[in-house]
Amino acid sequence: MKMYDKICCIAKIILPIVVIFTTIAVKADAPLHQYSTEELTELALQWLNETQQQDEQAEREWQLQGLDPRIGVKSCAAPLELSLPGALRNRQATVQIRCEAPQPWQLFIPARFTDLVTAVVARQNLSPGTRLTADMLQLEQRERRLQRGTPVDNPDFILGARNRRAISLGQIVSLQDLCLVCRGDVVTIHVDHASLSVSATGIAEQDGSLGDLIRIRNRQSNQLIEARVTAVNEVKVHF
């Protein structure tokens, strides 16, 4: 075997070994991060807030159970891996924190969450038939699970409406609680047909909330028509 061939053969054997030892040395030199139990809990909360929001209509608020301080400081030379290994049930979850190097370890942090929505609530007790005014209503954040019916997120939309049933102080106001058009109200009738758009006035023969189809008597013709409720004291007829 020629000298050149021997050198090539030796190089093929040595180089992989050098690469292996170089890799091990790099891993050994990787910075070792230390995390207290408080820091790990804060990292988990930050991760939840960034990745586990519900949707645009609700804000998910998380509360974590603190780790036992007897766990002590945990060290890791690799990026921490966070996940939710199980399903979300009864507004509860478990956050898993894993480290792969230099020695693998994992911790589990129990968590609870609340989905909050911004909704119109009553600032006072409202007896049935009360005509709603701005001073009776306000916006507040409430738990989504306490909602009943379709909540209202803009108090201006229901000014002038009347409540069908009693509403207590602090109660979330839903569209099902209200008649946007109440029997006997004078309403504006909008008629849209092709490029034609006209309006008239009428008298409501029924109570109706948003989207309800109710009977209206035209004040000019005395004709009884059906129209859909679109806003407070406004209805629309479609052809």
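Fair warning: this is a prediction, and the values are worked out from it, not measured in the lab.

Trainee: It is not clear to me how the sheet that holds strand S14 (residues 234-238) should be interpreted in this structure. Could you clarify?
Mentor: Sheet strands pair via backbone hydrogen bonds, and the direction of the pair is either parallel or antiparallel. Spatial strand order, S10-S11-S12-S13-S14: five strands in a closed barrel with mixed pairing. Going across the sheet, the axis of each strand differs from the next one's by a mean of 55 degrees, ignoring polarity.

Trainee: Would you mind showing me how to read the side chain of Thr 37 here?
Mentor: Locating Thr 37 in the fold gives a position in helix H2 (residues 37-51). Within the structure, Thr 37 has its side chain in polar contact with the side chain of Glu 38 (distance 3.3 Å).

Trainee: What is the right way to look at H2 in this model?
Mentor: Residues lying three or four places apart along an α-helix face the same way, a consequence of the helix completing one turn every 3.6 residues. The first and last C-alpha atoms of H2 sit 21 Å apart over 15 residues, in line with the 21 Å expected at 1.5 Å per residue. Lining the buried residues of H2 we find strand S1 (33-35), strand S2 (59-64), strand S3 (74-76), strand S4 (81-83), strand S5 (92-99) and strand S6 (105-122).

Trainee: What is the right way to look at the side chain of Asn 163 in this model?
Mentor: Within the secondary structure, Asn 163 is located in strand S8 (residues 162-163). Engagement of the side chain of Asn 163 in a polar contact is seen with the backbone oxygen of Arg 165, the distance being 2.9 Å. With near-sequence residues (within four places) excluded, Asn 163 lies in contact with Leu 126, Ser 127, Pro 128, Gly 129, Thr 130, Leu 132, Asp 177 and Leu 178.

Trainee: Is there a simple way to think about the packing of aromatic side chains in this case?
Mentor: Working definition: an aromatic ring pair is given by the centre-to-centre distance plus the angle between the planes. Taken as a whole and assessed by the stated rule, the structure comprises one aromatic pair. Judged by centre distance (5.1 Å) and plane angle (50 degrees), the rings of Trp 62 and Phe 113 are tilted. Within this pair, whereas Trp 62 is found in strand S2, its partner Phe 113 is found in strand S6, the two being separated by 51 residues in sequence. Positioned above the aromatic ring of Phe 113, the side-chain terminus of Arg 60 is 4.2 Å from the ring centre.

Trainee: Looking at this structure, I do not really get the state of the cysteines. What am I missing?
Mentor: For the coordinates displayed, the defined rule picks out two disulfides. With a sulfur-sulfur separation of 2.0 Å, Cys 76 is cross-linked through a disulfide to Cys 99. Of note, the bridge from Cys 76 to Cys 99 carries an S-S torsion of about 100 degrees and is right-handed in sense. You can see Cys 76 sitting in strand S3 and its partner Cys 99 sitting in strand S5, a full 23 residues away along the chain. Residues Cys 76 and Cys 99 agree in their burial class; the two are buried. Residue pairing for Cys 179: its cysteine sulfur links by disulfide to Cys 182, the two sulfurs lying 1.9 Å apart.

Rules used in this analysis
Residues numbered from 1 in each chain as written. Predicted model: local features only at pLDDT ≥ 70, side-chain atom pairs only at ≥ 80, totals over all residues. Heavy atoms only, no water. Pairing = 2+ DSSP bridges. Helix = DSSP H or I, 4+ residues; strand = E, 2+ residues; numbered from the N terminus. Axes fitted to C-alpha atoms, helices over the stretch in contact; angles between N-to-C directions. Polar contact = N/O pair within 3.5 Å; in protein donor to acceptor, adjacent residues only side chain to side chain. Expected span 1.5 Å × (residues − 1). Contact = heavy atoms within 4.5 Å. Phe/Tyr/Trp six-rings, centres within 6.5 Å; stacked < 30°, edge-to-face > 60°. Lys NZ or Arg CZ within 6 Å of the ring centre and 35° of its normal. Disulfide = S-S within 2.5 Å. Buried < 20%, exposed > 50% of the residue type's maximum accessible area, 1.4 Å probe, protein only.

This is a description of form; function is not addressed.
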